[in-house]
Amino acid sequence: MRVNGVERSADVEPRVLLVDFLRSNLLLTGTHIGCDTTSCGACTVRMDGDPVKSCTVLAVQAEGKEIKTVEGLANGAALAPIQVGFHEEHGLQCGFCTPGMMMVTSALLERNPNPTDDDIRWAISGNICRCTGYMNIVKAVKYAAKMQSEAAKAPEHAAVAGGGE
Amino acid sequence: MSSTMHMHGGIGESIKRKEDGRFLRGKGNFLDDIVLPNMLHMAILRSPYAHARIKSIDTAAASAKPGVVAVVTGELMAQHKLAWMPTMSGDTQAVLATDKVRFQGQEVAAVIAETKAQAEDALASIEVDYEVLPAVTSPDGAKATGSALIRDDKEGQADNHIYHWESGDEGTTKAAFAKAHKVIRLHTFYPRCHPAPLETCGCIADVNPATGKTTIYMTSQAPHAIRTVFALVAGLSEQNIRIVSPDLGGGFGNKVPVYPGYVVATAASLLLGRPVKWIEDRTENLISTGFARDYHMTGDLAVDENGKMLALHVHLDSDNGAFFADAQPSKFKAGLFHIVTGSYDIPTAHITADGYYTNKAPGGVAYRCSFRVTEASYLIERLVTNAAIELGIDQAEFRKQNFIQPEQFPYHSATGWVYDSGDYPKAMDVALDKLGYAELKKDVEARRKKGEVTGIGIASFTEVVGAGPGADYDILGLRMFDSAELRVHPTGKALLRMGTKSQGQGHETTFAQIVAEELGIPAQDVSVEEGDTDTAPYGLGTYASRSTPVAGAATAMVARQLREKARKLAAHLLEADEEDLVWERGKFYVKGSPERSKTIQEAAFAAYTNLPEGMQPGLEGVHYYDPPNMTYPFGTYAVVVDVDKGTGQVKVKRMVAVDDCGVRINPMIVEGQIHGGLAEGFGIAFMQLITFDDEGNCIGSNFMDYLIPGSWETPKFELGETTTPSPHHPIGAKGVGESPTVGSPAAYVNAVIDALSPYGITNIDMPVTSDKVWAALRSKGVTE
Ligand code: FES
Ligand code: FES
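Computed from a predicted structure; not experimentally measured.

Parameters at a glance
Residues numbered from 1 in each chain as written. Chains lettered and ligands numbered in written order. Predicted model: local features only at pLDDT ≥ 70, side-chain atom pairs only at ≥ 80, totals over all residues. Heavy atoms only, no water. Buried < 20%, exposed > 50% of the residue type's maximum accessible area, 1.4 Å probe, protein only. Helix = DSSP H or I, 4+ residues; strand = E, 2+ residues; numbered from the N terminus. Pairing = 2+ DSSP bridges. Contact = heavy atoms within 4.5 Å. Buried area = accessible area lost by both parts, 1.4 Å probe. Salt bridge = Lys/Arg side-chain N within 4 Å of Asp/Glu carboxyl O. Polar contact = N/O pair within 3.5 Å; in protein donor to acceptor, adjacent residues only side chain to side chain. Nonpolar A, V, L, I, M, F, W, Y, C, P; charged D, E, K, R; others polar. Axes fitted to C-alpha atoms, helices over the stretch in contact; angles between N-to-C directions. Left-handed = near helix turned anticlockwise from the far one by under 90°. Phe/Tyr/Trp six-rings, centres within 6.5 Å; stacked < 30°, edge-to-face > 60°. Lys NZ or Arg CZ within 6 Å of the ring centre and 35° of its normal.

Enquirer: Help me out: how do you make sense of the pairing of strand β11 (residues 202–207) of chain B in this one?
Expert: Residue and element names in this part refer to chain B. Most of β11 is tucked away: 5 of the 6 residues are buried. Relative to strand β14 (residues 276–279), β11 is paired through 4 bridges, and the arrangement is antiparallel. When the bridges of β14 are listed, Ile-204 appears paired with Lys-277. Between β11 and the antiparallel strand that follows it, strand β12 (residues 214–218), lie 6 residues; Gly-212 among them carries a positive phi value of about 80 degrees.

Printed below as a string of structure tokens:
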């Protein structure tokens, strides 16, 4: 499988879960485990773009897939808009749910660049946060949406300005 | 990276959190992220029965399984005198069961293996022969004649009764009741729930066989106290024990106690000479670690003909589980429950409490709560709303009539508390204003006429936090002070170390802000470290909203101490008299000539390079703060609900929360704490329930049965504030993390009861689920 853009392979027992493979074999410990029943979403990663709960995917099922984890969000020092949003709007407290929340909502923003409060609440309804009461997570996603739409507009402006000179 | 990087970050500034970066990048350092070389893994075998005698345990087959290094039983622990350990309430608790199991999920044996999967696989091969005994699952069951004796291990224990405890004055209370115009009674059960932080508990014990140094990485809210307990229990030398509490994925009281797994992992590491990791899964967390509440309460409120409160009487039965392990100051058997007169000027009160053993998990932790304040606040606020309804007085009006008035502070309560400061009518007015109460009431009337079921609930809570004055408050004899050590480096940057432990509250930012305010070093230049007992000064830890009241005060005091030394240094540099210097955040200048000044950074540099005669070099200090009193945060919460008559479903339409937690250090963080607590309060009111069947099987052992509020059902919150500083706290702060969980459950339930009151329904115990509401309506003949 490709994980955050890098080809990774290993021999694993058939029963190994994707979350354990990521955490134990690849030492990508940003993906967390919060339950045993697919209820909490702390383990959410993206598989071929879709958010999946990696505690409910076998590692072997991810063979040949494109996996993205929280460690793959930032581009070097530059944080992705969703990360900036969580920071600016105080969308995290203990930070344990945060990677899963960001993986789900980054997928949402690709599908729906301008989500309403309800769109966001629905998207994260499979992810539990015990600290924030969700209010600021919603704001964080909106912040990221705005940032992304402004970034999308910016090159046009640059082009127009450039053309005018 | 942050939009507030350039800000000074003093008190009152909503700077962005300094700790965010690592969590956003997936680089937090949670317990399960730690991997030590040569590390083994432990899994625990737990009892399937609530009450059973252990006839035999056969570990031979398990020991032969691949990868298994050792199988530990109670018998082996007993050889090292570690089969039992003390609890925080002066009782004993089994580490691994030797004689009987006393609750479902109790620790029976442990397997240590090369991998986690191997350890878990081998559990199935341990054979335990049980003789099942009848289970006791409630205080009533515990009292019943002929009920099974749970603690037959304790000499002189003839029944299941643990303690009787009283507060207040029986005589004057009885006399007041005799003269009362009316007595309003509420019997209510605050059910068992569980804090369920998203990260479960665990540890890695690493005993170095060469040096004897024992390092235990542990999900602990109170690492120093744990170190001392380990020294006393295991007979280890305290300087050889190091407890490291890494990043915690929430705690909410669940990570205060010592759990058997910690002790077994440490013993195993000691015996095997290799690090041993133990991480519980969610089910283990929910069925065996510190639960909360489980109080059966009866309150009687006496009022005169004008609706003035005269006296309060409360009796409660506490369901403590199989071992009395409540996490609370040792002098108080029912925690701080005697704050139960709340925000009201009630002349006399009498409280009686009895604790009982049952075949349920032990714990009694302060779940986002200052030691049973939550139960007290719930009882009085539910009782006051019921009284208002029964007396036909508006519930806001009835509260205002009986509030302790602003001029009565410091207020001496009937049960002996001295409330530091408050302005209850003001918080109420702000809440009613925000709600548009007058209009809303008309709307409710109009809609009720149309047959709709709708209501408003109010709760005006008073909390008591920040334990505590050390003379009255201790945990196992350790006085509940806290500490801060501040080191200012030559370049004017600083390191602050504390005895507390953040679980998401943002200590790395908030406490840096106190230094920024008091010593003038920008918050960005102050690193905050907690959780390593080898480096942090001794402290009692973070729970019961005590970090800001106690450790925050210690931080302000140590910063002031260093400021006085800096003043001397600045005077030396300016060749001026100390008394002639004026402090303005970040610099000293000579009175009358502001251009002659030295910054705190220049003074810090001088502390290492250019000192006055006879002064010790360096700019460092430590302060241990023992507070003179508790702090008393308060507020008014108001909730509006609609109830669907057909399904019993409750919809929370609005939730207005006005908090007064004294001075707010970082308002953004304070509001975040309030949001979180209101969501947990919502969960407790409507969803979160740990219950048991008659055999003592735990129902609520995973997140499909123990329902946690998600984003979809959690209401949106509207916040407001008033600010009444604490007069005795150095910066006037009171602590806030728990107010919303303490105050909100009663507000949510009061709204439902207000909505149902036209039908004569006076109580539904939490969690207020649709089926209970539906049944209550049907019982009164209400159909669609
Ligand atoms: S750990 Fe995967 S959903 Fe909880
Ligand atoms: S920030 Fe702690 S669980 Fe979400």
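Enquirer: Would you take a moment to explain the interface of chain B and chain A for this structure?
Expert: Interfaces are frequently sized by the accessible area removed from exposure as the parts join. Chain B puts 54 residues into the contact, and the matching count from chain A is 47 residues. Regarding the contact of chain B and chain A, the summed buried area is about 4,200 Å², with carbon and sulfur atoms giving 57% of it. Where chain B packs against chain A, one counts 5 salt bridges. Residues B:Asp121 and A:Arg15 are paired through a salt bridge, measuring 2.8 Å at the closest nitrogen-oxygen approach. Remark: the boundary between chain B and chain A carries 25 residue pairs in polar contact (both at pLDDT 80 or more). Looking at the side of chain B that touches chain A, the elements with two or more residues in it are α1 (20–24), α4 (116–123), α9 (282–288) and α17 (667–686) of chain B. Broken down by element, the side of chain B that touches chain A gets its largest block of residues, 8 residues, from α17(B). A breakdown of the residues in the side of chain B that touches chain A according to their chemical character gives 22 nonpolar, 18 polar and 14 charged.

Enquirer: What is the right way to read the sheet that holds strand β1 (residues 2–3) of chain A from this model?
Expert: Note: strands within a sheet are paired through backbone hydrogen bonds, in either parallel or antiparallel orientation. The strand order across the open sheet formed by 5 strands is β2-β1-β5-β3-β4 (chain A), and the pairing between neighbours is mixed. The sheet is open, and its two borders are formed by β2 (6–7) and β4 (50–53) of chain A, each paired with just one other strand.

Enquirer: Before we go on, may I ask you to explain the environment of B:Asp206 in this structure?
Expert: With respect to the helices, strands and loops of the structure, B:Asp206 is situated in strand β11. Apart from the residues lying within four places of it in its own chain, the contact partners of B:Asp206 are B:Leu36, B:Lys213, B:Thr214, B:Thr215, B:Ser269 and B:Pro275.

Enquirer: Can you walk me through the packing of helix α14 (residues 507–519) of chain B against helix α15 (residues 547–574) of chain B in this structure?
Expert: What describes two packed helices is the angle between their axes and the distance between those same axes. Residues and elements named next belong to chain B. Put simply, α14 and α15 touch, their axes get as near as 9 Å, and they point 35 degrees apart. In terms of crossing hand, the pair formed by α14 and α15 is right-handed. Facing His-507, Phe-511, Ile-514, Val-515, Glu-518 and Leu-519 of α14, the residues of α15 in contact are Ser-547, Thr-548, Ala-551, Gly-552, Thr-555, Ala-556, Ala-559, Arg-560, Leu-562 and Arg-563. Here the residues of the contact of α14 with α15 are counted per class, giving 8 nonpolar, 5 polar and 3 charged.

Enquirer: Where do I start with the packing of aromatic side chains in this structure?
Expert: All names here are of chain B. Scanning all chains against the criterion turns up 25 aromatic pairs over all chains. On the basis of an interplanar angle of 65 degrees and a centroid distance of 5.1 Å, the ring pair of Tyr-190 and Tyr-378 is categorised as edge-to-face. With Tyr-190 in strand β10 (residues 182–193) and Tyr-378 in helix α10 (residues 373–391), this residue pair connects regions lying 188 residues apart in the sequence. Tyr-378 shares its class with Tyr-190; the two are buried. The interplanar angle of 75 degrees and the centroid separation of 5.7 Å between the aromatic rings of Phe-682 and Tyr-748 together place this pair among those described as edge-to-face. Highlighted residues: Phe-682 in helix α17 and Tyr-748 in helix α18 (residues 739–756), separated in sequence by 66 residues. By relative accessible area, which is 7% here, Phe-682 ends up buried. An aromatic cluster of at least three residues, connected via ring pairs, comprises Tyr-344, Phe-403, Phe-409, Tyr-424 and Phe-634. Note that Arg-192 overlies the ring of Phe-291, its terminal NZ or CZ placed 3.4 Å from the centroid.

Enquirer: Which parts of the structure should I look at to understand the environment of B:Leu495?
Expert: All names here are of chain B. One can find Leu-495 in strand β24 (residues 494–498). Leu-495 gets classed as buried once you look at its relative accessible area, which sits at 12%. For Leu-495 and Val-526, which are 31 residues apart along the polypeptide, the C-alpha to C-alpha distance reads 5.6 Å. Look past the residues within four positions of Leu-495 in its chain and what remains in contact with it is Glu-485, Leu-486, Arg-487, His-489, Ser-527 and Glu-529.

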